[in-house]
Amino acid sequence: MPRALREVVYVDGVRTAFGKAGPQGHFWKTRADDMGVKVVRELLRRNAKIPPERIGDVIMAATAQVGDQGLTLGRDVALLAGIPQTVPGFAVDRMCAGALTAVTAGAGEIAMDAADVVLAGGIEHMGHHPMGEDVDFNPRFVAERLVDPSAVTMGATAENLHDRFPQLTKKDADAFAVRSQQRAAAAWQNGVMRETVVPMTVFTEGGWKPADRDEFLRPDTSLEGLAGLRTPFRAGGRVTAGNSAGLTDGATASFLAAEETAEELGLEPTMRLLAFAFAGVEPELMGIGPIPATKRVLEQTGLKLDEIGLFELNEPFAVQVLTWCEAMGVDPEDERLNPYGGAIACGHPLAATGVRLMAQLAYGFKERPHQQYGLTALCVGMGMGAAVLWENIGAGH
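Residues numbered from 1 in each chain as written. Predicted model: local features only at pLDDT ≥ 70, side-chain atom pairs only at ≥ 80, totals over all residues. Heavy atoms only, no water.

Chemist: Hey, could you run me through helix H6 (residues 170-189) in this one?
Modeler: For an α-helix, 3.6 residues make a turn, and residues three or four places apart therefore share a direction. The end-to-end C-alpha distance of H6 is 29 Å, a good match for the 28 Å that 20 residues give at a rise of 1.5 Å each. At the C-terminal side of H6, Gly191 shows a positive phi close to 85°. (Helix = DSSP H or I, 4+ residues; strand = E, 2+ residues; numbered from the N terminus. Expected span 1.5 Å × (residues − 1).)

Set out below in structure tokens:
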């Protein structure tokens, strides 16, 4: 029989600092699932009004579901974090949109009254599990021309974007990267990141130390410095380490709840989920994925783009964000776009990133109570895009 769906709200979200993947990074000697345990325990501590037994599901995303981020990661992390055994969990993979997919899957459970509270996030240890390692690509993809060979190399897809949109120059990409670094540096300086980043003590070659700051932050980045960087994906190309997100380790976690459950428990949610969409595009141009996804969520809600007061877009490559800006008519320098910087400055641990975007959007809503709507969006490997539209619960207050 027909029934009404319940409203879903975002309660809180946290992340680890994001570390460089590899032996010199924060988390080289730390297990991936232990990063997840850290953020889950902090989320529980910060939201003590939520009884752990009221959690209906734990959903954790990972792109490389092997080794220390294998098993059924949501269940694995839940048990390690001390969540009661009665609480189930599972893992999900949509590559870079893993955490966003965990969130939308959990939102579906809440909307359908299958859960009152869901814990959703993502983990990616790219140092332990490099992208594409242990993946056996079906030879039909190339032999039957199902996808262009460049589709499996994300940097090559970014070069393809420059080819498809020649008006988006390397200088444009470098200028965007400089702004990302400057905005991220200001956000750390102003205490913004301290609201969402969980310090974690980790063991390194030099002994125990706190991992409490993103390792890709380069506040002194300049156009002159970026101009001379090599282009590893193509001789004479336009994509460099300076205008791309680095290979990163990190974990995120968030609480979602039914609106009436949040009221019952005395919680103070920040955002209401309005709509979400996933879209498919040409795999070799995966960076354009957020464009159709954004258009779909706007169509679902009837909102116009100029009604959206904040945009949190992932930045795997500067040119990828620039293509979205051009298609949607947004100035890359717009203060609404990634006001606290993005992945070029902090890193992009694949499946974990979605909740970082949400946490920064929620903070942005608190600072800008006059803004009613916000968007989180990102592109996804093998030619997809994801977008989630949120409403600021505190708008007008």
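Chemist: Before we go on, may I ask you to explain the side chain of Asp33 in this structure?
Modeler: Structurally, the position occupied by Asp33 is in helix H1 (residues 32-46). Residue classification places Asp33 among the buried residues on the basis of a relative accessible area of 3%. Within the structure, the side chain of Asp33 is placed 2.9 Å from the side chain of Arg31, a separation counted as a polar contact. Filtering out sequence-adjacent residues up to four positions away, Asp33 remains in contact with Asp68, Leu73, Asp76, Val77, Leu80 and Ile123. (Buried < 20%, exposed > 50% of the residue type's maximum accessible area, 1.4 Å probe, protein only. Polar contact = N/O pair within 3.5 Å; in protein donor to acceptor, adjacent residues only side chain to side chain. Contact = heavy atoms within 4.5 Å.)

Chemist: When you look at the pattern of salt bridges in this model, what are you seeing that I'm missing?
Modeler: Note that side chains of opposite charge can pair when their charged atoms are close. Inspection of every chain in the model, using the stated rule, returns 22 salt bridges. In this structure, Arg46 and Asp12 form a salt bridge, with 2.8 Å as the shortest nitrogen-oxygen distance. Remark: Asp12 occurs in strand E1 (residues 8-16) and Arg46 occurs in helix H1; sequence separation between them is 34 residues. Judged by relative accessible area, which is 32%, Arg46 ranks as partly exposed. By relative accessible area, which is 11% here, Asp12 ends up buried. Salt-bridge contacts for Lys170 lead to Asp174; the nearest nitrogen and oxygen are separated by 2.7 Å. Here Asp174 and Lys170 lie together in helix H6, a separation of 4 residues that amounts to about one turn. Judged by relative accessible area, which is 17%, Lys170 ranks as buried. When its relative accessible area of 4% is taken as the criterion, Asp174 is described as buried. Within the structure, one salt-bridge network assembled from shared partners comprises Arg6, Arg54, Asp113, Asp116, Glu260 and Glu264. (Salt bridge = Lys/Arg side-chain N within 4 Å of Asp/Glu carboxyl O.)

Chemist: Quick question: what am I supposed to make of the pairing of strand E7 (residues 200-204) here?
Modeler: On a regular strand, one side chain projects to one face of the sheet and the next to the other, so that they alternate. Residues Met200, Val202 and Thr204 of E7 are buried on one face, while the alternating residues Thr201 and Phe203, pointing to the opposite face, are not. Pairing between E7 and strand E8 (residues 207-211): 5 bridges, direction antiparallel. Note on E8: the bridge partner recorded for Met200 is Ala211. Turn length for the E7-E8 hairpin, with the two strands adjacent in sequence and antiparallel, is 2 residues. (Pairing = 2+ DSSP bridges.)

Chemist: Quick question: what am I supposed to make of the nonpolar core here?
Modeler: One finds Ile308, Phe311, Leu313, Trp324, Leu337 and Leu375 to be the most contacted residues of the largest nonpolar core, which totals 43 residues. Taken together, the elements giving at least two residues each to this core come down to helix H5 (154-164), H6, strand E10 (271-280), helix H9 (290-301), strand E11 (310-313), helix H10 (318-328), strand E12 (373-380) and strand E13 (384-392). Here the element with the most residues in this core is H10; it accounts for 7 residues. Excluding its chain neighbours within four sequence positions, the residues that come into contact with Phe311 are Leu305, Trp324, Val330, Arg336, Leu337, Asn338, Pro339 and Leu375. (Core = buried A, V, L, I, M, F, W, Y, C linked by side-chain atoms within 4.5 Å.)

Chemist: Is there a simple way to explain the packing of H6 against H10 in this structure?
Modeler: Between two packed helices, the angle of one axis relative to the other and the distance separating the axes together describe the packing. In contact at an axis separation of 9 Å, H6 and H10 are set at 100° when each is read in the N-to-C sense. The angle between H6 and H10 falls in the class roughly perpendicular. When H6 is examined against H10, the residues Asp172, Ala173 and Phe176 are found in contact with a partner set consisting of Ala318, Val319, Val321 and Leu322. A breakdown of the residues in the contact of H6 with H10 according to their chemical character gives 6 nonpolar, no polar and 1 charged. (Axes fitted to C-alpha atoms, helices over the stretch in contact; angles between N-to-C directions. Parallel < 35°, antiparallel > 145°, perpendicular 65-115°, else oblique. Nonpolar A, V, L, I, M, F, W, Y, C, P; charged D, E, K, R; others polar.)

Chemist: Explain the environment of Val77 here, please?
Modeler: Tracing the backbone shows Val77 in helix H2 (residues 73-80). Exposure remark for Val77: the relative accessible area of 0% places this residue in the buried category. The spatial distance from the C-alpha of Val77 to the C-alpha of Phe90 is 9.6 Å, given a sequence separation of 13 residues. Once residues lying within four places of it in the same chain are set aside, the contact partners of Val77 are Asp33, Gly36, Val37, Val40 and Ile123.

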